[in-house]
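Analysis of the macromolecular model
Below are the chains, spelled out letter by letter.
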Amino acid sequence: MMMSLFQKKDVHALIAKQSHSGLKRDLGTWDLTLLGVGAVVGTGIFVLSGTGAIMAGPGVIISFIIAGLACLFAALTYAEFASTVPVSGSAYTYAYATIGEFFAFLIGWDLISEYLLAVSAVSAGWSGYAQAFLQSIGIHIPTILTGAPGSVPGQTTIFNFPAFFIVMVITLMLSLGVKESKRLNNVMVTIKVLVIVLIIGVGIFHMDPANWKPFIPHGWSKVFSAAALVFFAFLGFDAVSTAAEETKDPAKDLPRGIIYSLLICTGLYILITLIITGLVPAASFAGHEDRPVAFALEAIGQNWLIILVTIGTVLGMMTVILVMLYGLTRIILSISRDGLFPKSLAKMNEKRQVPTRVIWVCGIIAGLVGGLVPLSKIATLVNIGTLAAFVTVSIAVLVLRKTEPDLPRKFKTPFVPLVPILAILSCGYLMLLLGSMTWIFFGIWILLGVIVYFSYSKSHSLLSKENNNGSL
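The next thing to look at is the overall build of the protein chain. Assigned secondary structure in the protein chain consists of 18 helices and 0 strands. A globule of 472 residues ought to have a C-alpha radius of gyration of about 23 Å, and the protein chain, at 22 Å, matches this closely. If one aligns the C-alpha atoms of the protein chain with their principal axes, the spans along those axes are about 70 × 50 × 40 Å. Among the 472 residues that make up the protein chain, the fraction classed as buried is 58%. Expressed as a percentage of contacts within the protein chain between residues at least 6 apart in sequence, the contacts between residues at least 24 apart total 83%.

Okay, structure coming up:
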């Protein structure tokens, strides 16, 4: 009985089956890189840069570097797995092949909360910018539909309609097919990156080095605490690995897409943070945490750039919603195909070659969460799920190197076991810096996952049925 909890999928069988998934292979290296940039560059660069600056001063630049290094260590382990086992499901699939079914299900359950809450959090953030833009052109949404219950002090709000609306738009796009979603993402990512480059190009001529003194005004502890906070800004590069079965040449394209996107995003984060903390003193972002880049440009009289910042922010958040919702649906698809969730969720639309049913289920749930739960309650819950997934994948790489040393690997994580161990230690440390309420939520969510596994998933596991029938 207990052994079934640790039963593993055969890696060679996984690789053999991935060519018959029914998903359309239409993504190359450039598409995957933009997919990663689309997921990562959004809320972090336009919002968290200011919040981090208030906490750590100009030293928030180091906070971004610390968070980026933790992600880089994890990205190198993801790249090896993605090239070796090019199957949808990301960390869930990797754990299933190395650690066992029970832990694989829990990490899949964990990833569901990460992606779902990320979609909801970003949609709520997008709503604020969208409402400001609509008001600037004379369009006013009824107050009662502008926020989740209790989210606006002194006002009666019952539902954040713009947040729900944008998730429904993105859900519709995803349901049309991966090619259509790819085109939309590529266009939006290109525009927002050009906006960021323009901001950097203008801002560099207005910086005052005096604003960087003292560089670490509140001590190193605040720099590390800010690193745990801005880690949210790096969420999403792992979503590239969920596109394994829709990639033309996964062994080559997936590692490149993962690493290229992370390096591009880290570079942009460091530059934009360097610029805005050079334009105004870090402490002045207090009261302007929701629009730090726009505030910094206003402070130096570059108001003509504000509209571009708004466009970049709105498009940036839309691409994050698109990629995170995409990743969520592929993870649930993988879990359903294994029988651990109802098989009906794995139903494919033969014409579009996408799992339409699970796309709409996920979209509606994420949209409702974004519409009904205040942003402040959602955002802090996302980081811990991602960090736990990164730790799991790093452990899985070490296990697979031991159990399958001769398995063909188109990309190998360098300096094993050092890099995976560094990923485990750095991500584990950032987890410890998260607040107690975050840990309580994480514990409750995992406990709920344990209940789901033993009440449904364990008895419906296709792998258990195959093993019991002696077919493996």
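There is more to say, and it comes next.
A few words on helix H17 (residues 436–460). Its 25 residues give H17 an end-to-end C-alpha distance of 35 Å, which sits within 8% of 36 Å, the value for a rise of 1.5 Å per residue. For H17, the complete set of buried residues consists of Thr438, Phe442, Trp445, Ile446, Gly449, Tyr453, Ser457 and Lys458. Those residues of H17 that are buried lie in contact with helix H6 (101–136), helix H15 (382–403) and helix H18 (462–468).

Taken together, the side chains of Phe133, Ile137, Ile139, Val187, Ile191, Ile307 and Ile311 present a nonpolar region at the surface, about 570 Å² in accessible area. Mapped by element, the contributors of at least two residues to the nonpolar patch are helix H8 (178–203) and helix H12 (306–337). When you line up the elements, isoleucine 139 lands in the loop between H6 and helix H7 (161–176).

The step from lysine 213 to proline 214 runs through a cis peptide bond, and the omega angle for that step is -10°. With respect to the secondary-structure elements, proline 214 resides in the loop between H8 and helix H9 (220–230). Positioned with a positive phi, phenylalanine 415 is a non-glycine residue whose angle comes to about 55°. Overall, the relative accessible area of 65% leaves phenylalanine 415 in the exposed class.

On to the side chain of aspartate 338, then. By the secondary structure assignment, aspartate 338 is in the loop between H12 and helix H13 (356–372). Setting aside residues no more than four positions away along its own chain, aspartate 338 makes contact with Lys9, Tyr92, Tyr96, His460, Ser461 and Leu462.

Within the structure shown, the criterion is met by 23 aromatic pairs. Consider the rings of tyrosine 92 and tyrosine 96, whose centres lie 5.7 Å apart with planes at 65°: the pair is edge-to-face. Here tyrosine 96 and tyrosine 92 lie together in helix H5 (residues 91–96), a separation of 4 residues that amounts to about one turn. Residue classification places tyrosine 96 among the buried positions, given a relative accessible area of 1%. Taking 5.9 Å as the distance between ring centres and 85° as the angle between the ring planes, the aromatic pair formed by phenylalanine 105 and phenylalanine 341 counts as edge-to-face.

Here phenylalanine 285 lies in the loop between helix H10 (250–279) and helix H11 (292–299). Separated by 113 residues in the primary sequence, phenylalanine 285 and leucine 398 place their C-alpha atoms 43 Å from one another. The contact partners of phenylalanine 285, leaving out residues within four places of it in the chain, are Gly50, Ala53, Ile54, Ile276, Val280, Pro292, Phe295 and Ala296.

A side chain of one charge can pair with a side chain of the opposite charge if their charged atoms are brought near each other. Per the counting criterion, the structure on display carries 4 salt bridges. We note a salt bridge from glutamate 80 to arginine 401, for which the minimum N-O separation is 2.9 Å. Here glutamate 80, found in helix H4 (residues 60–84), pairs with arginine 401, found in helix H15; they are 321 residues apart in sequence, far enough to count as distant. The class for glutamate 80 is buried, based on a relative accessible area of 2%. Across the salt bridge formed by glutamate 80 and arginine 409, the nearest N and O atoms sit 3.0 Å from each other. Here the residue glutamate 80 occupies a position in helix H4, and arginine 409 occupies one in the loop between H15 and helix H16 (418–432), the gap between them amounting to 329 residues. For the pair glutamate 80 and arginine 409, a shared accessibility class is recorded, and that class is buried. Several salt bridges converge on common partners, so that one network encompasses Glu80, Arg401 and Arg409.

Quick look at the packing of H8 against H12 now. Contact geometry for H8 and H12: axes closest at 9 Å, N-to-C directions at 145°. The interaxial crossing formed by H8 with H12 has left-handed handedness. Residues Val178, Ser181, Leu184, Asn185, Met188, Val189, Ile191, Lys192, Val195, Leu198 and Ile199 of H8 form the contact with H12, whose participating residues are Leu308, Val309, Gly312, Leu315, Gly316, Met318, Thr319, Leu322, Val323 and Tyr326. Of the residues that constitute the contact of H8 with H12, the class distribution is 15 nonpolar, 5 polar and 1 charged.

Here we come to the packing of H4 against H15. At a closest axis distance of 9 Å, the pairing of H4 and H15 adopts a crossing angle of 50°. Relative to H15, the element H4 is oriented oblique. Seen from above, H4 lies across H15 with left-handed handedness. Taken together, the residues of H15 that come into contact with H4 (itself represented by Cys71, Ala74, Thr77, Tyr78, Glu80 and Phe81) are Ala389, Phe390, Val393, Ser394, Ala396, Val397, Leu400 and Arg401. Residue classes in the contact of H4 with H15 are distributed as 10 nonpolar, 2 polar and 2 charged.

About the cut-offs
Residues numbered from 1 in each chain as written. Predicted model: local features only at pLDDT ≥ 70, side-chain atom pairs only at ≥ 80, totals over all residues. Heavy atoms only, no water. Helix = DSSP H or I, 4+ residues; strand = E, 2+ residues; numbered from the N terminus. Rg over C-alpha atoms; globule rule 2.2 N^0.38 Å. Buried < 20%, exposed > 50% of the residue type's maximum accessible area, 1.4 Å probe, protein only. Contact = heavy atoms within 4.5 Å. Expected span 1.5 Å × (residues − 1). Patch = residues over 30% accessible without salt bridge, like charges linked within 9 Å, V, L, I, M, F, W, Y side chains within 5 Å. Areas by Shrake-Rupley, 256 points an atom, 1.4 Å probe, with all protein chains shown as cover. Salt bridge = Lys/Arg side-chain N within 4 Å of Asp/Glu carboxyl O. Phe/Tyr/Trp six-rings, centres within 6.5 Å; stacked < 30°, edge-to-face > 60°. Axes fitted to C-alpha atoms, helices over the stretch in contact; angles between N-to-C directions. Left-handed = near helix turned anticlockwise from the far one by under 90°. Nonpolar A, V, L, I, M, F, W, Y, C, P; charged D, E, K, R; others polar. Parallel < 35°, antiparallel > 145°, perpendicular 65-115°, else oblique.

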